[in-house]
Amino acid sequence: MAFSEAATLLERAIGRGVMFTCAESCTGGMVAAALTDLPGSSAMFDRGVVTYTNAAKIDLLGVSPATLDQFGAVSEDVAREMAQGALARSMAQVAVSITGIAGPGGSEHKPEGRVCFGLATRDGVTVETCDFGAIGRDLVGISARDHALSLLLQAVS
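Residues numbered from 1 in each chain as written. Predicted model: local features only at pLDDT ≥ 70, side-chain atom pairs only at ≥ 80, totals over all residues. Heavy atoms only, no water.

**Student:** Which parts of the structure should I look at to understand helix 3 (residues 54-61)?
**Tutor:** The periodicity of an α-helix, 3.6 residues per turn, causes residues three or four places apart in sequence to face the same way. Residues A56, K57 and L61 constitute the buried set of helix 3. Considered in projection along helix 3, the buried side chains sweep an arc of 100 degrees and stay on one side of the axis. Considering only its buried residues, helix 3 is in contact with strand 1 (20-24), strand 2 (45-50), helix 4 (65-71), helix 5 (76-88) and strand 3 (94-100). Looking one or two residues past helix 3, G62 carries a phi angle of roughly 75 degrees, positive in sign. (Buried < 20%, exposed > 50% of the residue type's maximum accessible area, 1.4 Å probe, protein only. Helix = DSSP H or I, 4+ residues; strand = E, 2+ residues; numbered from the N terminus. Arc of directions from axis to C-beta. Contact = heavy atoms within 4.5 Å.)

The structure is reproduced here in C-alpha coordinates:
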(Lines give C-alpha, C1' and ligand atoms only; values in the text may rest on other atoms or scores of the structure.)
Protein backbone atom coordinates (compact mmCIF):
# COMPACT_ATOMS: atom_id res chain seq x y z
CA MET A 1 0.00 0.00 0.00
CA ALA A 2 1.43 3.36 -0.96
CA PHE A 3 1.83 5.87 1.86
CA SER A 4 -0.94 8.07 0.45
CA GLU A 5 -3.36 5.13 0.62
CA ALA A 6 -2.26 4.33 4.15
CA ALA A 7 -2.85 7.92 5.17
CA THR A 8 -6.30 7.75 3.57
CA LEU A 9 -7.07 4.58 5.51
CA LEU A 10 -6.04 6.24 8.77
CA GLU A 11 -8.02 9.41 8.02
CA ARG A 12 -11.21 7.54 7.06
CA ALA A 13 -11.07 5.16 10.00
CA ILE A 14 -10.57 7.98 12.49
CA GLY A 15 -13.23 10.11 10.81
CA ARG A 16 -15.75 7.29 11.08
CA GLY A 17 -14.67 6.24 14.58
CA VAL A 18 -13.69 2.78 13.35
CA MET A 19 -11.12 0.53 15.00
CA PHE A 20 -9.45 -2.39 13.18
CA THR A 21 -8.17 -5.73 14.31
CA CYS A 22 -6.43 -8.41 12.29
CA ALA A 23 -5.87 -12.15 12.46
CA GLU A 24 -2.91 -13.21 10.38
CA SER A 25 -1.31 -16.47 9.44
CA CYS A 26 0.84 -16.45 6.30
CA THR A 27 1.60 -12.72 6.59
CA GLY A 28 3.06 -13.16 10.06
CA GLY A 29 2.02 -9.74 11.36
CA MET A 30 2.71 -7.69 8.24
CA VAL A 31 -0.78 -6.13 8.27
CA ALA A 32 -0.48 -5.11 11.92
CA ALA A 33 3.00 -3.71 11.26
CA ALA A 34 1.77 -1.69 8.27
CA LEU A 35 -1.08 -0.23 10.30
CA THR A 36 1.02 0.60 13.34
CA ASP A 37 3.74 2.21 11.21
CA LEU A 38 1.33 5.12 10.72
CA PRO A 39 1.59 8.04 13.14
CA GLY A 40 -1.67 8.23 15.06
CA SER A 41 -2.53 4.59 14.39
CA SER A 42 -3.56 3.97 17.99
CA ALA A 43 -6.78 5.81 17.14
CA MET A 44 -7.76 3.13 14.61
CA PHE A 45 -5.89 -0.09 15.45
CA ASP A 46 -6.96 -2.15 18.44
CA ARG A 47 -4.92 -5.34 18.18
CA GLY A 48 -3.59 -8.06 15.94
CA VAL A 49 -2.84 -11.73 16.40
CA VAL A 50 -0.59 -14.06 14.44
CA THR A 51 -1.99 -17.59 14.49
CA TYR A 52 0.41 -19.63 12.43
CA THR A 53 -0.54 -23.07 13.71
CA ASN A 54 -3.95 -24.70 13.79
CA ALA A 55 -3.69 -24.87 17.58
CA ALA A 56 -3.21 -21.11 17.74
CA LYS A 57 -6.20 -20.55 15.46
CA ILE A 58 -8.30 -22.67 17.81
CA ASP A 59 -6.94 -21.26 21.08
CA LEU A 60 -6.75 -17.55 20.23
CA LEU A 61 -9.54 -17.10 17.69
CA GLY A 62 -12.00 -19.89 18.42
CA VAL A 63 -11.67 -21.52 15.01
CA SER A 64 -13.48 -24.83 15.09
CA PRO A 65 -11.29 -27.94 14.94
CA ALA A 66 -14.01 -29.48 12.75
CA THR A 67 -13.67 -26.63 10.24
CA LEU A 68 -9.91 -27.10 10.15
CA ASP A 69 -10.31 -30.86 9.70
CA GLN A 70 -12.91 -30.55 6.96
CA PHE A 71 -11.54 -27.63 4.94
CA GLY A 72 -7.93 -27.15 6.03
CA ALA A 73 -6.27 -24.00 7.34
CA VAL A 74 -6.12 -22.43 3.88
CA SER A 75 -9.82 -22.06 3.20
CA GLU A 76 -12.49 -19.40 3.12
CA ASP A 77 -14.25 -21.24 5.96
CA VAL A 78 -11.23 -20.83 8.24
CA ALA A 79 -10.71 -17.22 7.09
CA ARG A 80 -14.34 -16.54 8.04
CA GLU A 81 -13.93 -18.01 11.52
CA MET A 82 -10.61 -16.21 12.02
CA ALA A 83 -12.20 -12.85 11.19
CA GLN A 84 -15.22 -13.55 13.39
CA GLY A 85 -12.99 -14.65 16.26
CA ALA A 86 -10.76 -11.60 16.00
CA LEU A 87 -13.76 -9.26 15.95
CA ALA A 88 -15.41 -10.98 18.93
CA ARG A 89 -12.20 -10.77 20.97
CA SER A 90 -11.49 -7.10 20.34
CA MET A 91 -12.87 -3.59 20.69
CA ALA A 92 -12.77 -3.19 16.89
CA GLN A 93 -15.62 -2.72 14.47
CA VAL A 94 -13.78 -4.29 11.50
CA ALA A 95 -11.59 -7.39 11.42
CA VAL A 96 -9.52 -8.74 8.56
CA SER A 97 -8.07 -12.25 8.44
CA ILE A 98 -5.45 -13.81 6.20
CA THR A 99 -4.57 -17.49 5.77
CA GLY A 100 -2.65 -18.93 2.87
CA ILE A 101 0.29 -20.72 1.34
CA ALA A 102 3.17 -18.33 0.89
CA GLY A 103 5.49 -21.06 -0.35
CA PRO A 104 7.53 -22.74 -1.34
CA GLY A 105 5.26 -25.65 -1.95
CA GLY A 106 1.57 -26.18 -2.12
CA SER A 107 -0.53 -28.84 -3.79
CA GLU A 108 -2.75 -29.34 -6.79
CA HIS A 109 -5.78 -28.31 -4.73
CA LYS A 110 -4.07 -25.56 -2.73
CA PRO A 111 -1.27 -24.10 -4.81
CA GLU A 112 1.51 -21.83 -3.65
CA GLY A 113 0.31 -18.25 -3.60
CA ARG A 114 -3.30 -19.04 -2.65
CA VAL A 115 -4.50 -16.77 0.14
CA CYS A 116 -7.95 -16.61 1.72
CA PHE A 117 -9.24 -13.42 3.32
CA GLY A 118 -12.08 -12.68 5.69
CA LEU A 119 -13.55 -9.27 6.48
CA ALA A 120 -15.88 -9.14 9.48
CA THR A 121 -18.07 -6.37 10.83
CA ARG A 122 -20.98 -6.52 13.27
CA ASP A 123 -23.19 -6.86 10.15
CA GLY A 124 -21.54 -10.03 8.86
CA VAL A 125 -18.53 -11.55 7.15
CA THR A 126 -17.36 -11.67 3.57
CA VAL A 127 -14.64 -13.98 2.33
CA GLU A 128 -12.60 -14.24 -0.83
CA THR A 129 -9.62 -16.09 -2.23
CA CYS A 130 -6.78 -14.64 -4.26
CA ASP A 131 -4.30 -16.70 -6.22
CA PHE A 132 -1.12 -14.63 -6.38
CA GLY A 133 0.81 -17.46 -8.02
CA ALA A 134 4.21 -18.95 -7.26
CA ILE A 135 5.88 -15.53 -7.04
CA GLY A 136 7.95 -16.35 -3.98
CA ARG A 137 7.29 -16.24 -0.27
CA ASP A 138 8.19 -12.56 0.16
CA LEU A 139 6.02 -11.33 -2.71
CA VAL A 140 3.06 -13.48 -1.66
CA GLY A 141 3.27 -11.95 1.81
CA ILE A 142 3.50 -8.42 0.45
CA SER A 143 0.65 -9.01 -1.99
CA ALA A 144 -1.53 -10.50 0.76
CA ARG A 145 -0.71 -7.62 3.12
CA ASP A 146 -1.61 -5.05 0.48
CA HIS A 147 -4.85 -6.83 -0.40
CA ALA A 148 -5.86 -6.99 3.27
CA LEU A 149 -5.17 -3.28 3.66
CA SER A 150 -7.26 -2.55 0.56
CA LEU A 151 -10.12 -4.56 2.10
CA LEU A 152 -9.91 -2.39 5.22
CA LEU A 153 -9.91 0.75 3.08
CA GLN A 154 -13.02 -0.45 1.25
CA ALA A 155 -14.70 -1.15 4.59
CA VAL A 156 -14.38 2.51 5.63
CA SER A 157 -15.05 4.06 2.22
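**Student:** Explanation requested: the pattern of salt bridges in the structure shown.
**Tutor:** Where charged atoms from two side chains of opposite charge come close, those side chains can pair. Applying the stated criterion across every chain yields a total of three salt bridges. A salt bridge links R47 to D46; the nearest nitrogen and oxygen atoms lie 2.7 Å apart. Given a relative accessible area of 38%, R47 falls into the partly exposed group. With a relative accessible area of 24%, D46 lands in the partly exposed category. Across the pair R145 and D146 runs a salt bridge, and its minimum N-O distance is 2.9 Å. Residue R145 is classed as partly exposed on the basis of its relative accessible area of 22%. Of the residues examined, D146 reaches a relative accessible area of 25% and is grouped as partly exposed. (Salt bridge = Lys/Arg side-chain N within 4 Å of Asp/Glu carboxyl O.)

**Student:** Just to check I follow, could you spell out the nonpolar core for this structure?
**Tutor:** Across soluble globular proteins, nonpolar side chains have a tendency to be buried as a group. Of all hydrophobic cores here, the largest spans 30 residues; its most connected members are F20 and L152. Among the secondary structure elements, those contributing two or more residues to this core are helix 1 (3-16), strand 1, helix 2 (30-36), strand 3, strand 4 (114-121) and helix 6 (137-155). Ranked by the residues each element gives to this core, the list is headed by helix 6, at seven residues. Leave out the neighbours within four places in its chain, and F20 touches L9, A13, M44, F45, D46, R47, A92, V94, L152 and V156. (Core = buried A, V, L, I, M, F, W, Y, C linked by side-chain atoms within 4.5 Å.)

**Student:** Honestly, unusual backbone geometry in this entry has me stumped. Any pointers?
**Tutor:** A cis amide bond links G103 to the next residue, P104, at an omega of -5 degrees. Relative to the elements of secondary structure, P104 occurs in the loop between strand 3 and strand 4.

**Student:** Mind showing me how you'd approach the pairing of strand 1 here?
**Tutor:** Two faces make up the sheet, and in a regular strand the side chains alternate between them. Of all five residues in strand 1, five are buried, a share of seventy percent or more. By the alternation rule, side chains of strand 1 split into F20, C22 and E24 and T21 and A23, which are all buried. Bridge count between strand 1 and strand 2: five bridges; the pairing is parallel. Across the sheet, T21 pairs through a bridge with R47, a residue of strand 2. Of the strand pairs in this sheet, strand 1 and strand 3 are connected by five bridges, and their pairing is parallel. In the strand pairing of strand 3, C22 is matched with V96. (Pairing = 2+ DSSP bridges.)

**Student:** When you look at helix 5 in this model, what are you seeing that I'm missing?
**Tutor:** Between its first and last C-alpha, helix 5 extends 18 Å over 13 residues, near the 18 Å set by a 1.5 Å rise per residue. Lining the buried residues of helix 5 we find strand 1, helix 3, helix 4, strand 3 and strand 4. (Expected span 1.5 Å × (residues − 1).)

**Student:** Is there a simple way to explain the pairing of strand 4 in this structure?
**Tutor:** Most of strand 4 sits inside the fold, with six of its eight residues counted as buried. Bridge count between strand 3 and strand 4: seven bridges; the pairing is antiparallel. Bridging across to strand 4, S97 finds its partner in G118. Across eight bridges, strand 4 lies against strand 5 (residues 124-131) in antiparallel orientation. Residue pairing across strands places T121 opposite G124, the latter belonging to strand 5.

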